Structure formats: structure tokens, C-alpha cells
Protein chains: 2
Amino acid sequence: MLVEQQLHSLDRAVRLDQIDPGRFVGETSPDYWNMAGPFGGVTAAVLMKAALQHPQWRGRPVAQTVNFCGAIAQGGFEVVVALAREGRSTQHWRLELVQGDSVAATATVVSGASRETWSHHPGVAPVIPAPESLPVFSAAGRSSWLNRYEMRFERGAPSRFEGGADRPGSAETRLWVRDAPARPLDYVALSALADSFVVRILQVRGDVPPVATVTLSTYFVGDEEELARQGDRPLLGAANARVFKHGFNDQSAELWSDQGTLLAISHQLVWFKS
Amino acid sequence: MLVEQQLHSLDRAVRLDQIDPGRFVGETSPDYWNMAGPFGGVTAAVLMKAALQHPQWRGRPVAQTVNFCGAIAQGGFEVVVALAREGRSTQHWRLELVQGDSVAATATVVSGASRETWSHHPGVAPVIPAPESLPVFSAAGRSSWLNRYEMRFERGAPSRFEGGADRPGSAETRLWVRDAPARPLDYVALSALADSFVVRILQVRGDVPPVATVTLSTYFVGDEEELARQGDRPLLGAANARVFKHGFNDQSAELWSDQGTLLAISHQLVWFKS
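1. Brief notes about the overall build of chain A
The number of helices and strands found in chain A is six helices and 13 strands. Each principal axis of the C-alpha distribution contributes one length, and for chain A these read about 55 × 45 × 45 Å. Residues counted as buried form 61% of the 274 residues belonging to chain A. The long-range fraction of contacts in chain A, counting pairs at least 24 apart against all pairs at least 6 apart in sequence, stands at 69%. For chain A, the computed accessible surface area is about 10700 Å², with 50% contributed by carbon and sulfur atoms.

Laid out in C-alpha cells, this is it:
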């Protein structure tokens with residue numbers, strides 16, 4: 001089929017041309033547009049992809065922090081990647097995404113050597129109905145990036161006009177989520193998925209103030225085999241927030257395999273206008 | 001009293017000489033020594049102090065990420081601070097801590113303008129007995145940094161020889177914690193306190209493998225007034241972990257005022273040897 005020969009929209013969006021070992025050029029994608037710039041998750045995925053493509057990259061990603069410093073305009077950008085330090089167990093990468101003279105995002109990615117150690121899993125996956133029993137969320141008429149994910153909410157769908165200032169809604173969301181169209185899971189996709197939980201304020205207040213993620217940190221606790229085993233099936237996601245104040249709120253999220261394996265833990269601080 | 005005229009051990013440990021607007025020199029402190037280098041929290045505090053001292057700094061800290069790239073040796077270090085980008089609402093700062101030719105830590109600090117907005121606090125403080133009803137933890141014979149904090153555990157004290165591989169202990173800790181001697185709370189102290197939850201593996205396994213924080217992200221959700229109001233009284237702290245695997249584990253923590261106001265949320269990824 002022709003469609004199989006075409007790149008997935010995510011792979012198109014994170015496509016980078018390597019102009020030096022540590023320098024890449026790319027272009028924003030209308031497919032992942034948010035209200036006033038690219039969806040933060042796709043920027044995280046671009047930065048992850050750049051790190052993974054550096055010739056000195058070793059191991060697998062274990063942590064990524066992206067600081068969204070300013071609006072990213074539609075069009076071209078450059079990604080600069082440098083190895084800050086490496087040891088036997090980890091590599092520490094520094095990145096920045098630049099447009100013209102402006103740093104639009106800074107990031108760090110830590111890679112870890114693959115090895116077996118003692119393991120222990122005190123965290124427990126939420127239990128929600130199977131994906132096929134929950135309706136697919138319709139993002140028609142919303143930002144284009146929302147249409148790049150298949151979301152099946154058990155609770156906490158982003159809903160305008162619910163809640164309201166007198167009675168804030170819950171900040172909790174639980175859902176099944178995967179790329180749309182479906183795409184085999186890898187660290188690039190997982191990096192974006194970690195930011196696919198719509199900013200909490202939408203469902204809490206029921207309106208859409210000017211809002212932007214300031215900083216996003218994701219810990220990749222699933223290994224390559226677990227990601228491959230998950231394939232393109234929906235991931236179980238859960239997100240919540242603790243405090244909205246002085247124009248900022250926290251947001252925490254987990255992404256689990258459909259077999260109950262924790263794959264990623266993610267945290268962000270979100271700016272909102274008023 | 002003479003003691004009041006002396007610097008607090010934390011202020012001695014974070015003392016920096018500004019040799020350029022964005023360059024500082026400092027020295028590691030034996031008071032905050034950990035097993036194989038300085039306590040990570042004191043390094044975070046040094047980096048926070050450097051950002052706050054930059055002449056272009058505006059607003060208050062809202063987020064900090066520190067990446068611990070390599071061991072910090074006893075002795076002098078340099079801190080380089082640069083403003084990556086600023087807007088109306090935030091400043092994005094990049095920092096590194098250097099010893100010789102080696103980058104020992106990289107960091108980002110985000111500052112936020114102080115302003116009133118809609119606020120909402122869905123998070124709820126844990127309820128534990130009052131500080132005076134819980135015994136002060138004795139850190140005699142342990143790393144010196146542990147003796148720079150007064151810790152009163154309700155649960156999850158770091159205890160060697162408890163648990164064991166056959167029966168991992170709980171990863172949860174709840175305690176009252178403050179600097180020892182007591183010191184008025186500010187963002188420098190809070191930056192260190194966010195890392196004062198002893199790495200989870202100690203209480204889960206009951207032994208002390210080689211272990212090191214790889215990356216630490218703290219969101220400062222308390223404002224200056226709330227920090228001042230807390231003064232030098234103990235903070236309510238809670239920490240937990242979800243997964244230990246392939247030589248890494250997550251750790252999440254909250255620090256609350258004794259009036260039930262959330263002051264900081266912190267996350268880290270920890271490396272352990274085996």
C-alpha cells in the first residue's frame with residue numbers, strides 16, 4: 001500500500017538534516033500545531049531525535065528536560081547538540097533549538113548504559129476499562145496536534161465550558177493514548193506522548209487561557225524491549241496537578257504499557273496568563 | 001551571641017565570589033559531604049545562589065533542573081551563568097559547574113514574574129503528627145550532610161539492614177525537616193531541601209549501594225511571602241518512588257509549609273550500581 005511507503009506524520013515532523021555531527025536543521029510541522037506554536041511534545045521529540053542521531057550517542061535515553069524559552073515560529077529551526085560529559089554509566093547531552101538569533105528551547109538528555117540490576121516496582125498502574133470499551137475523543141475543530149493522537153478518556157477529557165470559576169473540575173485524567181495513525185512506540189514517540197496530556201487548566205477551569213509549558217522533564221523507565229513489545233497499541237496514561245498559583249501550575253503524568261509496565265514518568269511546570 | 005554573627009553552614013557552603021557578572025568561584029564544603037562528593041542538594045543550592053546573584057536576574061525562581069554529570073571533587077569550582085532567553089513572564093537561565101576542564105553539573109533555572117492570578121489547590125498535604133511529637137533522627141556516624149538537617153520521620157527513615165532483597169521495604173517517607181541549626185527558609189535553602197530525602201534505595205533495600213542522583217527538577221510553587229512566613233520551622237516532606245530497574249529509579253517529593261501550603265515539588269532520577 002502507498003500509505004506504508006509514506007512517512008508517519010510524527011516522523012515527518014521530527015525529520016532533521018544533519019549538517020555537522022552536532023548540528024541539525026528541521027522545520028515545524030502544521031500537523032502538530034498548537035494554539036500559538038508547535039505542540040511541546042513534538043519539540044521534545046525533535047530534540048530527542050537530534051540527540052539519538054549524534055554519532056557519539058551511546059545507550060538509551062533515561063531522562064530528558066526541555067525548557068521552552070520562547071514561542072517557536074512556523075518555519076525552519078536549527079538544533080545544536082553537545083556532549084557535556086560522559087562516564088561509564090551515563091552520557092549528559094545539552095541541546096538547544098534556535099530560530100535566527102533566538103534560543104527557543106534548551107534541553108538536556110541523559111543516556112544510560114543498558115544493564116541488568118536489581119529491580120523493584122512499587123508503583124501500580126491505574127485500572128481503567130479496556131481501550132475498545134471507551135470512545136475515541138473527537139478533537140475536530142481543535143488544535144491540529146490533538147488530531148495526531150487517538151485518545152480514549154476514562155476521566156478528565158479536556159472540555160471547554162465544564163467546571164467554571166465557582167466549581168473547578170478535577171485535574172485528574174486517565175486515558176488510553178497512542179499516535180494517530182498508530183505507530184510503533186520508540187523513545188521519540190514516547191518523548192512526545194509524555195506531553196500529550198492536555199494542560200490541566202482546560203479541564204479544571206473549562207476555558208482556554210493563554211497557556212504554555214515552561215519546562216518538561218521525562219524519565220524513560222521502560223527499556224527498548226518493553227517499547228518494542230508495546231508496539232502500536234494504546235498506552236495507559238494518567239495525569240494530575242497539585243497547585244495553580246501566580247500564573248504557574250504543576251502537572252505530573254505516567255505512561256504505562258497495556259501490560260502494566262511503567263514506561264515513562266513526566267513532570268512539567270505550566271505558565272498561564274490569568 | 002557570637003554564633004549569631006557567624007554564617008550558617010548552608011550560607012558558608014554556597015558562598016560564591018563573583019569574578020564576572022556571569023562567573024563565580026566557590027568551594028565544596030565538608031559540612032555537606034556525602035558518600036563520594038557533596039550532597040546533591042547543596043550543589044543545587046550553589047547553582048540557585050549563582051542565578052539569583054546575576055545582575056540581570058528578575059522575579060523569583062519557579063523551576064530548577066540540575067544534571068549531575070560527574071563526581072565533584074573536594075575543592076574549588078567555577079559556576080558559569082548565562083541568560084538563554086527572557087520574556088515578559090519568565091527568564092530562562094543556563095548554568096554549569098566546572099572543575100578544571102570538566103563539567104561536573106549543568107543546570108537551568110526559570111524565574112517567573114510575581115503576579116496575582118486565579119489560584120486553585122487540589123493537592124492535599126499529608127497528615128502526620130506534630131514535629132515535637134516525633135523524635136529527631138540521629139545521623140551520628142553517617143554522611144556529614146545528614147547532620148545538617150533536623151529530620152523527624154513519621155515513616156520511612158533511612159535504615160540500613162531493614163528490608164533486604166527478599167522483602168523490599170516501602171519507598172515512602174513522610175517527615176518534618178529543616179536545616180540544622182534552624183535557618184529562615186529561602187529559595188537557596190528550599191533548593192537543597194528538595195534533595196534532602198535520602199535516596200529511596202536505602203530504605204527499600206536496607207543496604208547502601210553506590211548511588212547518585214543523575215537529574216533533579218524542582219518546581220518552586222511557594223512565593224516569597226510563604227517562605228518568609230514559614231521561617232525556620234520544620235517543613236512537612238513526603239517522598240516516594242515507583243520503579244527501580246536497569247540501574248535507575250525515580251523519586252518524587254513534596255515540601256509543604258506547616259500551615260499546609262505546598263512550597264516545592266521535586267523529582268529526580270537516581271542511578272544505582274547493582
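2. Let's talk about the packing of aromatic side chains
Following the criterion strictly, the structure yields 18 aromatic pairs over all chains and no others. Their ring planes at 70° and their centres at 6.1 Å tell us that F272(A) and W118(B) sit as a pair that is edge-to-face. Here the residue F272(A) occupies a position in strand β13 (residues 262-272), and W118(B) occupies one in the loop between β6 (102-112) and β7 (149-155), the pair thus bridging two chains. According to the relative accessible area criterion, W118(B) is buried, its value standing at 18%. Both rings, one in F137(B) and one in F153(B), keep their centres 5.2 Å apart while their planes meet at 80°; by these two values the pair is edge-to-face. Pair noted here: F137(B) is in the loop between β6 and β7 and F153(B) is in strand β7, with a separation of 16 residues, a long-range link. Between the NZ or CZ atom of R205(A) and the centre of the ring of W118(B), over which it lies, the distance is 4.9 Å.

3. Quick look at the environment of A238(B)
Residue and element names in this part refer to chain B. Relative to the assigned elements, A238 resides in strand β10 (residues 235-240). Overall, the relative accessible area of 14% leaves A238 in the buried class. With sequence-adjacent residues up to four places away left out, A238 is seen in contact with P126, T173, R174, F197, S252, A253 and E254.

4. Focus on the interface of chain A and chain B
Quite often, the size of an interface is put as the accessible area lost when its parts meet. Counting residues at the interface gives 66 residues for chain A, matched by 66 residues for chain B. Taking both sides of the interface into account, the surface hidden between chain A and chain B amounts to around 5700 Å²; carbon and sulfur atoms contribute 59%. For the interface between chain A and chain B, the tally reads six salt bridges. Counting across the interface, chain A meets chain B through 38 residue pairs in polar contact (both at pLDDT 80 or more). A class-by-class count of the residues in the side of chain A that touches chain B yields 26 nonpolar, 26 polar and 14 charged.

5. Topic: the environment of H121(B)
Summarising the element assignment, H121(B) is placed in the loop between β6 and β7. For H121(B), a relative accessible area of 45% corresponds to the partly exposed category. Taking the C-alpha atoms as reference, H121(B) lies 31 Å from P158(B); in sequence the two are 37 residues apart. Beyond its immediate chain neighbours, meaning those up to four positions away, H121(B) contacts R242(A), V243(A), F244(A) and K245(A).

6. Here we look at unusual backbone geometry
Residues and elements named next belong to chain A. Omega for the bond connecting A180 with P181 falls within 30 degrees of zero, at 0°, which places this linkage in the cis form. Relative to the elements of secondary structure, P181 occurs in the loop between β8 (173-179) and α4 (187-193). For H246, which is not glycine, the phi torsion reads 55° and is therefore positive.

7. Here's the deal with helix α3 (residues 40-53) of chain B
Residue and element names in this part refer to chain B. Between the first and last C-alpha of α3 there are 20 Å, a value that for 14 residues agrees with the 20 Å anticipated at 1.5 Å per step. The buried fraction of α3 is high, at 11 of 14 residues. Where α3 is concerned, the buried positions are G40, G41, V42, T43, A44, A45, V46, L47, M48, A50 and A51.

8. Quick notes on the relation of the copies chain A and chain B
Overlaying chain A on chain B yields an RMSD of 0.0 Å, the required transformation being a rotation through 180° with an accompanying axial translation of 0.0 Å. Both copies are brought into coincidence by an operation consistent with a two-fold rotation axis.

9. Observations concerning the pattern of salt bridges
Residue and element names in this part refer to chain A. Under the criterion given, the structure shown has 36 salt bridges over all chains. Taking the shortest distance from any N to any O, the salt bridge between R12 and D31 comes out at 2.9 Å. Of this pair, R12 sits in helix α2 (residues 9-13) while D31 sits in the loop between β2 (23-27) and α3 (40-53), and the two are 19 residues apart along the sequence. The exposure class of R12 is partly exposed, given its relative accessible area of 37%. For D207, the salt bridge identified is with R205, shortest N-O distance 3.0 Å. A residue is classified by how much of its surface remains accessible, and D207, at 32% relative accessible area, is partly exposed. Residue class for R205 comes out buried when judged on its relative accessible area of 13%.

10. Structural notes on the nonpolar core
V79(A), L95(A), L97(A), Y149(A), M151(A), L190(A) and L255(A) are the most contacted members of the largest nonpolar core, which totals 68 residues. Ranked by residue count, the leading element in this core is α3(A), at eight residues. With residues near it in sequence (within four places) discarded, L190(A) still touches L185(A), F220(A), L227(A), L235(A), L255(A), L263(A) and A264(A). In terms of nonpolar packing, the next biggest core, distinct from the first, is built from 67 residues, A104(B), A139(B), L193(B) and F244(B) among them.

11. Comments concerning the side chain of S252(B)
Examined against the element boundaries, S252(B) turns out to sit in strand β12 (residues 248-256). You can call S252(B) buried: its relative accessible area is 17%. In this structure S252(B) touches H267(A), A238(B), A239(B), N240(B), R242(B), S266(B) and H267(B), once residues within four positions along its chain are discounted.

12. Digging into the state of the cysteines
Inspection of every chain in the model, using the stated rule, returns zero disulfides over all chains. No disulfide involves C69(A); its sulfur sits 18 Å from the nearest other cysteine sulfur, which is in C69(B). Given a relative accessible area of 7%, C69(A) falls into the buried group.

13. Here's the deal with the environment of S102(B)
Checked against the element boundaries, S102(B) lands in strand β6. Taking the C-alpha atoms as reference points, S102(B) and V62(B), separated by 40 residues in sequence, lie 28 Å from one another. Dropping the residues within four chain positions of it, S102(B) is found in contact with R85(A) and L97(B).

Reading the values: rules and limits
- Residues numbered from 1 in each chain as written.
- Chains lettered and ligands numbered in written order.
- Predicted model: local features only at pLDDT ≥ 70, side-chain atom pairs only at ≥ 80, totals over all residues.
- Heavy atoms only, no water.
- Helix = DSSP H or I, 4+ residues; strand = E, 2+ residues; numbered from the N terminus.
- Buried < 20%, exposed > 50% of the residue type's maximum accessible area, 1.4 Å probe, protein only.
- Contact = heavy atoms within 4.5 Å.
- Areas by Shrake-Rupley, 256 points an atom, 1.4 Å probe, with all protein chains shown as cover.
- Phe/Tyr/Trp six-rings, centres within 6.5 Å; stacked < 30°, edge-to-face > 60°.
- Lys NZ or Arg CZ within 6 Å of the ring centre and 35° of its normal.
- Buried area = accessible area lost by both parts, 1.4 Å probe.
- Salt bridge = Lys/Arg side-chain N within 4 Å of Asp/Glu carboxyl O.
- Polar contact = N/O pair within 3.5 Å; in protein donor to acceptor, adjacent residues only side chain to side chain.
- Nonpolar A, V, L, I, M, F, W, Y, C, P; charged D, E, K, R; others polar.
- Expected span 1.5 Å × (residues − 1).
- Least-squares fit on C-alpha atoms with pLDDT ≥ 70 in both.
- Core = buried A, V, L, I, M, F, W, Y, C linked by side-chain atoms within 4.5 Å.
- Disulfide = S-S within 2.5 Å.

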